[in-house]
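Spelled out, the chains give:
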Amino acid sequence: MNSSRRPTNGARTAHDQERHEPLVIALLNNMPDAALETTEQQFSDLLAAASARYDVRLRLFSFPELIRGEGARRYVAEHYEPIESLWSGGFDGLIVTGAEPRTLTLPEEVYWPSLTRLVEWASESGTPTVWSCLAAHAAVLHLHGIQRQRLGAKISGVFRCAKACESSLLAGLPISWRMPHSRLNTLDPDQLLAAGYEILSFSEHAGADAFVLRRGTPFLFYQGHPEYDAGALFREYRRDVGRFLAGTMDRYPELPRGYFDEDTTHELNAFRERAERQRIRELLDEFPGRDALPAHVWHDVAVRLYSNWLEHTVAQREPEVLSLGGAAVPTV
């Protein structure tokens, strides 16, 4: 995947996009400072793996209202485009990440006016858009007033998800797969269905994994995280343990489910017992598990999901010319 930020110009055929003109994807990366560059790399790597048929160009944006430290502000200023360049359009697709919650409700967040403008812009322009985690929650709240629900405990781990319908976005996937989830809130599947959403994949333990809005907008929503690298849940768990040791979290975090092997789980539980007895920040230096990261078991599924999404972005532009196995690719 080429990382050049040359904008697109005008409509293109699928043949042009495969062989000549780039497929330009905007990544609106709103992750907190510690995860900013890692998230950028995760999506860049995933799109590179998924884009065998296309020359994908990734252009980077972030909401300017986000509260960032000096280093992250400097990085964004040097590597990301001004948000005004996003509104000018010229994109084949858009990916929007979540952000670290700082208020009790999403409309209280400083970036809420920009986010709602983004939802309207993507809808009016017909831009195929992936809304990830908190961004998915924010988008459905603005579109249909569906409030996310606070969970009693954080969902964290790799969960079995099952295909819930037939869709071109799920082409080539098995009937079930494992996918990372990491969040404190969730959406009620019944409310989604009543509002005109279709659930693509569902987990008995994590709820709606992926879903789409059928009416009027080419929007794809993920509560799960196909973009995560193999060590993402480990880093999040270690971060939360660090917050507990520093006194900014009241309860010790639970282990991500279905993630660590038996030996690593034993080591981490032993560390927990020690940390609950000796609650000091310095203990984090002895945190175990760095050398026993789990396999990236969701990688192939993630690549296929995003490969299908790239196919879909082309089909949105030229549905009559793009085909898979001689049959036109249907829109979702």
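Preceding block: the structure.
In this text, all values refer to a predicted model and were calculated from it rather than measured experimentally. (Residues numbered from 1 in each chain as written. Predicted model: local features only at pLDDT ≥ 70, side-chain atom pairs only at ≥ 80, totals over all residues. Heavy atoms only, no water.)

Chemist: I keep staring at the nonpolar core and nothing clicks. Help me out?
Modeler: If you look at soluble globular proteins, the nonpolar side chains tend to sit buried side by side. If you look at the biggest cluster of nonpolar residues, it comprises 58 residues, and the most contacted ones within it are Ile 25, Ile 95, Phe 287, Tyr 306, Trp 309 and Leu 310. For this core, the element with the most residues is helix α10 (residues 299–317), which contributes eight residues. Ignoring any residue separated from it by four or fewer positions in sequence, one finds Leu 310 in contact with Leu 23, Ile 25, Leu 47, Ala 50, Ser 51, Tyr 54 and Val 56. With 40 residues, the next largest nonpolar core counts Phe 61, Trp 112, Leu 141 and Phe 219 among its residues. (Core = buried A, V, L, I, M, F, W, Y, C linked by side-chain atoms within 4.5 Å. Buried < 20%, exposed > 50% of the residue type's maximum accessible area, 1.4 Å probe, protein only. Helix = DSSP H or I, 4+ residues; strand = E, 2+ residues; numbered from the N terminus. Contact = heavy atoms within 4.5 Å.)

Chemist: What should I look at first to understand empty space enclosed by the protein in this one?
Modeler: A water-sized probe rolled over the atoms picks out the places where empty space is left. In total, this model carries three cavities of 30 Å³ or more according to the counting rule given. Here the largest cavity is characterised by a volume of approximately 110 Å³. In this structure, the largest cavity is lined by 13 residues; those nearest its centre are Leu 66, Ile 67, Ala 99, Glu 100 and Arg 102. The residue inventory of the lining of the largest cavity, partitioned by class, reads seven nonpolar, one polar and five charged. The computed volume of the second largest cavity comes to approximately 50 Å³. (1 Å grid on protein atoms, 1.4 Å probe; cavity = no way out; pocket = protein on both sides within 12 Å on 5 of 7 lines; lining within 4 Å. Points joined across faces, edges and corners; volume = space filled by probe spheres on them. Nonpolar A, V, L, I, M, F, W, Y, C, P; charged D, E, K, R; others polar.)

Chemist: So what exactly am I meant to see when it comes to the packing of aromatic side chains here?
Modeler: The description of an aromatic ring pair rests on the distance of the ring centres and on the angle between the ring planes. Applying the stated criterion across every chain yields a total of 20 aromatic pairs. Judged by centre distance (4.7 Å) and plane angle (70 degrees), the rings of Tyr 259 and Phe 260 are edge-to-face. By relative accessible area, which is 6% here, Tyr 259 ends up buried. Phe 260 sits in the buried class, given a relative accessible area of 12%. Among the aromatic side chains, those forming a connected cluster through ring pairs are Phe 234, Tyr 237, Tyr 259, Phe 260, Phe 271 and Phe 287. (Phe/Tyr/Trp six-rings, centres within 6.5 Å; stacked < 30°, edge-to-face > 60°.)

Chemist: What is the right way to look at helix α9 (residues 262–277) in this model?
Modeler: Helical geometry: 3.6 residues make up each α-helical turn, so side chains three or four residues apart lie on a common side. Compared with an ideal rise of 1.5 Å per residue, which puts 16 residues at 22 Å, α9 spans 23 Å between its outermost C-alpha atoms and is within 8% of the ideal. Residues of α9 that are buried: Thr 264, Leu 268, Phe 271 and Ala 275. The buried side chains of α9 occupy one side of the element, clustering within an arc of 60 degrees when seen end-on. Of the exposed residues in α9, the ones pointing more than 90 degrees away from its buried face are Glu 262, Asp 263, His 266, Glu 273 and Arg 277. (Expected span 1.5 Å × (residues − 1). Arc of directions from axis to C-beta.)

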